[in-house]
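Chain residues, written in single-letter form:
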Amino acid sequence: VGQNYITIKEVDSTNNYLKELASNSKPVIEGTVIMAENQFAGRGQHQNGWHAEPGKNLTFSVLFKPGFISIAEQFDLTRAISLGVFDALEPLLGDRLKIKWPNDIYYGDYKLGGMLIENMIQGGQIKHSIIGIGLNINQENFPPHLPNAISLKQILHQDYGLEALLSEICKHIEAWYLNLKAGKTSFVRNSYLSRLYWLNEQKGFKAGNRFLEGTIKDVMFNGLLVIEDNNKHILEFSLKEI
Ligand code: BTN
């Protein structure tokens with residue numbers, strides 16, 4: 001990951017850029033990384049935008065060709081990438097660092113970053129997976145509509161070199177991806193679960209327009225979140241539902 005590394009000053013979204021590059025006739029090698037200093041139309045989950053002050057944060061996308069992962073099990077890729085980002089940051093941030101289901105990076109109750117994974121399916125297989133990652137690094141203030149955003153600098157009170165961090169992240173993402181490729185699926189799934197924010201804690205959740213209290217118990221092989229409610233009912237939710 002990152003052997004083929006392209007930086008751009010400004011782009012709408014590194015995911016869009018990489019998607020277009022990968023769909024050109026000239027093949028793009030797996031592990032290609034596109035990093036942008038500024039995205040003027042960065043995209044987040046749920047059709048949200050992704051806010052990042054130019055030059056201060058990590059906004060990049062990685063190309064994978066995970067032909068060995070079935071569509072039903074594509075959440076394993078989400079797990080592996082989340083673990084890679086987690087492991088790169090853990091030496092700096094320690095045990096307040098968590099993975100918030102499905103793929104946010106949290107420090108305590110604050111969001112440090114997230115990812116947008118876009119898979120291109122062809123012939124029943126994942127042909128290309130574009131993994132877009134946004135991490136707040138040296139930004140010192142966030143707009144009021146993002147009250148739970150936090151940056152590395154706000155936590156540790158110093159600036160970080162973006163390229164050094166990126167290369168650390170690439171290294172760890174690659175290691176977890178190779179675990180997956182080597183068939184160590186249970187190891188990947190257990191490791192993901194053990195780093196999960198709110199695991200086994202009594203919390204409140206919003207599922208559509210209903211509010212429920214319960215505890216996150218598990219994440220299904222296919223990525224569904226398993227919650228036990230206060231009546232001991234086991235419920236499963238997709239990202240759209242909760
Ligand atoms: C989220 O938590 O909502 C996901 C954020 C993903 C943001 C990254 S920044 C690099 C890549 N390009 C995009 O347009 N989005 C992702």
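Basis of the calculations
- Residues numbered from 1 in each chain as written.
- Predicted model: local features only at pLDDT ≥ 70, side-chain atom pairs only at ≥ 80, totals over all residues.
- Helix = DSSP H or I, 4+ residues; strand = E, 2+ residues; numbered from the N terminus.
- Rg over C-alpha atoms; globule rule 2.2 N^0.38 Å.
- Buried ≥ 20, exposed ≤ 12 C-beta atoms within 10 Å, placed from the backbone.
- Contact = placed C-beta atoms within 7 Å.
- Pairing = 2+ DSSP bridges.
- Axes fitted to C-alpha atoms, helices over the stretch in contact; angles between N-to-C directions.
- Near = placed C-beta within 6 Å.
- Nonpolar A, V, L, I, M, F, W, Y, C, P; charged D, E, K, R; others polar.
- Domains from an automatic or database assignment.
- Left-handed = near helix turned anticlockwise from the far one by under 90°.
- Arc of directions from axis to C-beta.

**Overview of the overall build of the protein**
1) Next: Along the protein, the regular secondary structure elements total five helices and 11 strands.
2) Next: Relative to the 2.2 N^0.38 estimate, which gives 18 Å for 242 residues, the radius of gyration of the protein is 18 Å and therefore close to what a compact globule would have.
3) Next: Counting only residues that meet the buried cut, the protein has 36% of its 242 residues in that class.
4) Next: A sequence separation of at least 24 residues applies to 59% of the contacts in the protein between residues at least 6 apart.

**Considering the sheet that holds strand β3 (residues 58-64)**
1) Next: Taking strand neighbours across the sheet as the criterion, the seven strands line up as β1-β2-β3-β7-β6-β5-β4 in an open arrangement whose pairing is mixed. Where the open sheet ends on each side, the last strands, each with one partner, are β1 (5-11) and β4 (97-100). This sheet shows a mean twist of 20° between the axes of neighbouring strands, independent of strand direction.
2) Next: Bridging between strand β2 (residues 33-39) and β3 involves three bridges; their strand directions are antiparallel. Counterpart to Ile-34 in the pairing with β3 is Ser-61.

**A few points about the site of the ligand**
1) Next: Taken together, 20 residues lie around the ligand, and Ser-13, Gly-44, Gly-114, Gly-132 and Gly-134 are the ones closest in.
2) Next: Put simply, the parts of the chain that give the shell around the ligand at least two residues each are α1 (14-23), β3, β6 (110-122) and β7 (125-135).
3) Next: In terms of residue class, the shell around the ligand is built from five nonpolar, 13 polar and two charged.

**Observations regarding the domain arrangement of the protein**
1) Next: Segmentation of the protein into domains returns domain 1 (5-194) and domain 2 (202-237).
2) Next: Here domain 1 and domain 2 have C-alpha centroids that lie 25 Å from each other.
3) Next: Of the residues lining the interface, eight residues belong to domain 1; the matching set on domain 2 comes to six residues.
4) Next: Elements with a minimum of two residues in the side of domain 1 that touches domain 2: α2 (75-93) and α5 (185-194).
5) Next: In terms of residue class, the side of domain 1 that touches domain 2 is made up of six nonpolar, one polar and one charged.

**A word on the packing of α2 against helix α4 (residues 162-181)**
1) Next: Two elements in contact, α2 and α4, have axes separated by 7 Å at closest approach and are oriented at 145°. In terms of crossing hand, the pair formed by α2 and α4 is right-handed. Contact residues: α2 offers Asp-76, Ala-80, Ile-81, Leu-83, Gly-84, Val-85, Asp-87 and Ala-88, while α4 offers Glu-168, Ile-169, His-172, Ile-173, Ala-175, Trp-176, Tyr-177, Asn-179 and Leu-180.
2) Next: By residue class, the composition of the contact of α2 with α4 is 11 nonpolar, three polar and three charged.

**Structural notes on the sheet that holds strand β9 (residues 210-219)**
1) Next: Reading across the sheet, the four strands line up as β8-β9-β10-β11 and stay open at both edges, with antiparallel pairing between neighbours. What marks the edges here is a single partner per strand, and that holds for β8 (202-207) and β11 (234-237). With direction set aside, neighbouring strand axes in the sheet form an average angle of 50°.
2) Next: Pairing between β9 and strand β10 (residues 225-229): five bridges, direction antiparallel.

**Looking at the pairing of β6**
1) Next: Here three bridges tie strand β5 (residues 104-107) to β6, and the two strands are oriented antiparallel to one another. Bridge pairing in β6 places Ile-105 opposite Gly-113.
2) Next: Hairpin remark: β5 followed by β6, antiparallel, with two residues in the connecting loop; positive phi at Gly-108, about 55°.
3) Next: Linking two consecutive strands that pair antiparallel, namely β6 and β7, is a turn of two residues; a positive phi of about 55° is found at Gly-123 within it.

**Notes on α1**
1) Next: Among all positions in α1, only Thr-14, Asn-15, Leu-18 and Ala-22 are buried. Down the axis of α1, the buried set is contained in an arc of 100°. They therefore lie on one face. In α1, the exposed residues that point more than 90 degrees away from the buried face are Glu-20 and Ser-23.
2) Next: If you follow the buried residues of α1, they end up packed against β1, β2, β3, β6 and β7.

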